[in-house]
Amino acid sequence: MWNSNYSRREFIRKNSLTGLGAVIAMSPGSRLFANSGQDASVPAILGGPPARTKSWLNWPVWDTAADEQHILKVLRSGVWCRAGVAKSVVTEFEEKWAETLGAQRGLAVVNGTNSLIIALRMLNVGGGDEVIVTPYTFIATVSCILEVGAMPVFADVDPETFQISPEKIREKITPRTRAILPVHILGLPCDMPAIMDIARRYDLIVVEDACQAWLAEINNQKVGTFANAGCFSFQNSKNIPIGEGGAIVSDDHEFMDRCHSYHNTGRSYGQMADLVGGQYMIRGNNLRMTEYQAAIGLAQLKRLDSQTSIRSRNAEYLKNKISAIPGILPYKLYGNVTRAAFHLFPFRYKNEEFNGMPRSQFIRALNAEGVPASGGYSGNLNRMPYLKDAFQTKNYQLMYPREMLDFDSYVERNRTPANEQLADHEAVWFSQSMLLGTTSDMDDIYNAIEKIHKNSGRIIASL
Ligand SMILES: Cc1ncc(COP(=O)(O)O)c(C=O)c1O
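As the structure is a computational prediction, the values presented were derived from the model and not from experiment. (Residues numbered from 1 in each chain as written. Predicted model: local features only at pLDDT ≥ 70, side-chain atom pairs only at ≥ 80, totals over all residues.)

## What about the overall build of the protein chain?
- Tallying secondary structure elements over the protein chain gives 20 helices and 15 strands in all.
- Radius of gyration (C-alpha) of the protein chain: 23 Å, near the 23 Å computed for a compact globule of 463 residues.
- Principal axes of the C-alpha set define a box for the protein chain whose edges measure 80 × 60 × 40 Å.
- Every one of the 463 residues in the protein chain was classed for burial, and the buried ones make up 52%. (Helix = DSSP H or I, 4+ residues; strand = E, 2+ residues; numbered from the N terminus. Rg over C-alpha atoms; globule rule 2.2 N^0.38 Å. Buried ≥ 20, exposed ≤ 12 C-beta atoms within 10 Å, placed from the backbone.)

## Observations concerning the pairing of strand S10 (residues 229-233)
- With 5 of its 5 residues buried, S10 lies for the most part within the structure.
- Along S10, one buried face is formed by Ala229, Cys231 and Ser233 and the opposite face, lined by Gly230 and Phe232, is buried too.
- The sheet contact formed by strand S7 (residues 205-209) and S10 spans 3 bridges and is parallel. Paired with Glu208 across the strands is Gly230, a residue of S10. (Pairing = 2+ DSSP bridges.)

## Here we look at the packing of helix H5 (residues 89-101) against helix H12 (residues 291-322)
- Orientation of H5 relative to H12, taken along the N-to-C sense of each, is 35°, at an axis distance of 8 Å. In this structure, H5 crosses over H12, and the sense of that crossing is left-handed. Where H5 abuts H12, its residues Val89, Val90, Glu92, Phe93, Lys96 and Thr100 lie against Glu291, Ala294, Ala295, Gly297, Leu298 and Leu301.
- When grouped by side-chain class, the residues that make up the contact of H5 with H12 number 7 nonpolar, 2 polar and 3 charged. (Axes fitted to C-alpha atoms, helices over the stretch in contact; angles between N-to-C directions. Left-handed = near helix turned anticlockwise from the far one by under 90°. Contact = placed C-beta atoms within 7 Å. Nonpolar A, V, L, I, M, F, W, Y, C, P; charged D, E, K, R; others polar.)

## Observations concerning the site of the ligand
- Taken together, 15 residues form the shell around the ligand, and within it Asn111, Gly112, Thr113, Cys211 and Ser233 come nearest.
- A class-by-class count of the residues in the shell around the ligand yields 4 nonpolar, 10 polar and 1 charged. (Near = placed C-beta within 6 Å.)

## Some points on the environment of Ile45
- Locating Ile45 in the fold gives a position in the loop between helix H3 (30-33) and helix H4 (64-77).
- Along the backbone, Ile45 and Leu435 are 390 residues apart, and their C-alpha atoms lie at a distance of 24 Å.

## Here we look at the environment of Ala150
- Secondary-structure assignment places Ala150 in the loop between helix H7 (140-147) and strand S3 (151-154).
- Taking the C-alpha atoms as reference points, Ala150 and Tyr400, 250 residues apart in sequence, are found 9.5 Å from one another.
- Those residues within four positions of Ala150 in sequence are excluded, and the remaining contacts are Val125, Gly126, Asp129, Glu130, Val131 and Ile145.

## Observations concerning the confidence of the model for the protein chain
- Looking at the protein chain, the pLDDT average stands at 93 and 92% of residues meet or exceed 70.
- This stretch, residues 1-6, has a pLDDT under 50; its non-local contacts, to residues over four places away or in other chains, come to 10 contacts.
- Every residue in residues 16-35 is under pLDDT 50, and counting partners more than four places away or in other chains gives 37 contacts. (pLDDT = per-residue confidence, 0-100.)

## Observations concerning the pairing of strand S1 (residues 105-109)
- For S1, the tally of buried residues reaches 5 of 5 residues, placing the bulk of the element in the interior.
- Across the two faces of S1 the burial is the same, with Arg105, Leu107 and Val109 and Gly106 and Ala108 all buried.
- The pairing of S1 with strand S11 (residues 246-250) spans 5 bridges and is antiparallel. Paired with Gly106 across the two strands is Val249, which belongs to S11.

## Quick word on the nonpolar core
- Ala119, Leu120, Val131, Ile145, Val207 and Ile248 are the most contacted members of the largest nonpolar core, which totals 127 residues.
- For this core, the element with the most residues is H12, which contributes 8 residues.
- Structurally, this core is a two-domain feature, drawing no fewer than three residues from each of domain 1 (5-61 + 302-377 + 422-462) and domain 2 (64-297).
- Every residue in contact with Ala119, bar those within four places of it in the chain, is listed here: Val207, Ala229, Cys231, Ile248 and Cys259. (Core = buried A, V, L, I, M, F, W, Y, C linked by C-beta atoms within 7 Å. Domains from an automatic or database assignment.)

## Let's talk about helix H6 (residues 112-122)
- Within H6, 11 of the 11 residues are buried, which leaves it mostly tucked inside the rest of the structure.
- Turning to H6, its buried residues are Gly112, Thr113, Asn114, Ser115, Leu116, Ile117, Ile118, Ala119, Leu120, Arg121 and Met122.
- On its buried face, H6 sits against S1, H7, S7, S10, S11 and helix H10 (253-263).
- The first or second residue beyond H6 is Asn124, which carries a positive phi of 60°.

So, in structure tokens, the structure goes:
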């Protein structure tokens, strides 16, 4: 069951030669795979030949000659940490990242999770505050809210776009609402203009979780630059993979100085340093990116734009093709989206058009055809035990009235039925690295789905 980010990463990792081999080897089709003269119309899950036998791209990719030199240079310099270095590789990376996005400032940090925690903390979101968030996301989007002692409030999704619904956000606003944490989930931009309108109207802080949305745009403006702060991840499965890594961007110099100071154990920075001369002005943490990570980041950044264009082209092509298959409803983009990042390619699977075949069986059938797919997130992020665990801590008991911490009523208040239907029954994902292939690779995906659709009755009968 694909119900955690670990699974998503695992899914992406498995889209390699070895991974795909394992998938094929486990499928019933593998027993007959070597036979010649098979009836190509028989689904692989029933013993026919897979629609695709070629491997998919291994992720991450790098350029041995160019990238390794860059990293070796850092290694041989003996300067592996940014602390105390005037013009470090990390500084170069964070400045380039901010410039790429059109933001005035950038700060590289250890990972996306901590970029979100730092942003919320330095915007003084904390105990007693409610933060509105989507349930269709990776755990970090919610756990960062708990890490600063605030209360996550879930607003349901728009299943057509897979994104948080601005109307549902509005319904969740209370006198305690302090911030909105929208996510550009799967690399598709959420409706930032509508969300920023709500934020202005109710005087709310907004932190964009753009951890899956590098270079995505709304009206030619990069996501991550619409709100008080934008946060990014460069974890290994991401479109710009560093292993681990994250960044915060913003145009607010004072806020960015505080973020820098916080991530560097509270040492004063920028305007703060000018005022106080190198003292510890705020309580801090050590969340510094290393010089090696930044060297990899700079190398990866060089290919991000062209890869993003390839993903977009293939996504558009695939979307047009598979939307002709009954029961396959690809993602919709908002009208103002000028570019999407396609960390994942999502569509909704309607099993009534596949003779009632459960999604899990559809995914198994796709995998057997040589097309790795996943059902993505589970629909119960809004009621998993981690929330109860936070509510039982001393801090939460002190900060919130008892009624707010009653788990059953919390779960009731935070029901998100559209998300449940989407996440638990309908969503299917292909990984970003599959979208780096050719048109003929996209045709393989289409052919596999088509074949399963045509044979859904037979597959169901064999269950
Ligand atoms: C939407 C979202 N938010 C936050 C994160 C956290 O990023 P990291 O894994 O770099 O801590 C991720 C990473 O998977 C993510 O997908």
